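Summary of structural features
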Amino acid sequence: MGTPRNEGEGNKTADRNYREATKEFVESERGQREIQNAGNVSPSEEKDIRRAEEQAKQRAKDHDPAETTRGESGPEASESRPGKSGSSRDSRSAH
């Protein structure tokens, strides 16, 4: 057999193989056990999950999407920009 052709993004062969393997797993004895145990966590795991969730929410709250859209990161990026002497961002676009 020759070299498999590159189907690129939207690879139908890979999609079919994935779906078949997933179906086989879900229908298997092990898959059924995993489905039955899904969501069962110990109290310490629950605590870790809650802590991670709160940390992620805090990071999201602290993040300034406007900094990312300009390709900058962190507060030091805006402080070191030339011409940034306490003027608001909105004044640049009010021409």
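Coordinates for the structure precede this section.
What you see is a predicted model, and the numbers here were worked out from it, not measured in a lab. (Residues numbered from 1 in each chain as written. Predicted model: local features only at pLDDT ≥ 70, side-chain atom pairs only at ≥ 80, totals over all residues. Heavy atoms only, no water.)

Another point: the overall build of the protein. Looking only at helices and strands, the protein has five helices and zero strands in total. When the elements of the protein are put in sequence order from the N terminus, they spell out α-α-α-α-α. Residues counted as buried form 6% of the 95 residues belonging to the protein. Surface summary for the protein: the accessible area is close to 8600 Å², and the carbon and sulfur share equals 51%. (Helix = DSSP H or I, 4+ residues; strand = E, 2+ residues; numbered from the N terminus. Buried < 20%, exposed > 50% of the residue type's maximum accessible area, 1.4 Å probe, protein only. Areas by Shrake-Rupley, 256 points an atom, 1.4 Å probe, with all protein chains shown as cover.)

We now examine helix 1 (residues 12–27). Here helix 1 contains 16 residues, and its C-alpha end-to-end distance of 22 Å stays within 8% of the 22 Å for a straight helix at 1.5 Å per residue. The opening residue of helix 1, the one whose side-chain oxygen lies 3.0 Å from the backbone nitrogen of Thr13, is Asn11. (Expected span 1.5 Å × (residues − 1). Polar contact = N/O pair within 3.5 Å; in protein donor to acceptor, adjacent residues only side chain to side chain.)

Bringing the packing of helix 1 against helix 2 (residues 29–37) into the picture now. It is at 4 Å that the axes of helix 1 and helix 2 come closest, and there the two elements cross at 75°. On the basis of their axis angle, the class for helix 1 and helix 2 is roughly perpendicular. Only Glu29, Arg30, Gly31, Gln32, Glu34 and Ile35 of helix 2 make contact with helix 1, whose side of the interface consists of Phe25, Val26 and Glu27. Its residues assigned to classes, the contact of helix 1 with helix 2 shows three nonpolar, two polar and four charged. (Axes fitted to C-alpha atoms, helices over the stretch in contact; angles between N-to-C directions. Parallel < 35°, antiparallel > 145°, perpendicular 65-115°, else oblique. Contact = heavy atoms within 4.5 Å. Nonpolar A, V, L, I, M, F, W, Y, C, P; charged D, E, K, R; others polar.)

Turning our attention to the pattern of salt bridges. Enumeration over the complete set of coordinates arrives at six salt bridges. Its salt-bridge partner being Arg50, residue Glu46 comes within 2.7 Å of it at the nearest N-O pair. One end of the pair is Glu46 and the other is Arg50, both in helix 3 (residues 43–62) and four residues apart, which spans about a single turn. In this structure Glu46 comes out as partly exposed when scored by relative accessible area, which is 29%. Between Lys57 and Glu53 there is a salt bridge whose closest N-O contact spans 3.9 Å. Linking Lys57 with Glu53, this pair stays in helix 3, spanning four residues, or about one helical turn. (Salt bridge = Lys/Arg side-chain N within 4 Å of Asp/Glu carboxyl O.)

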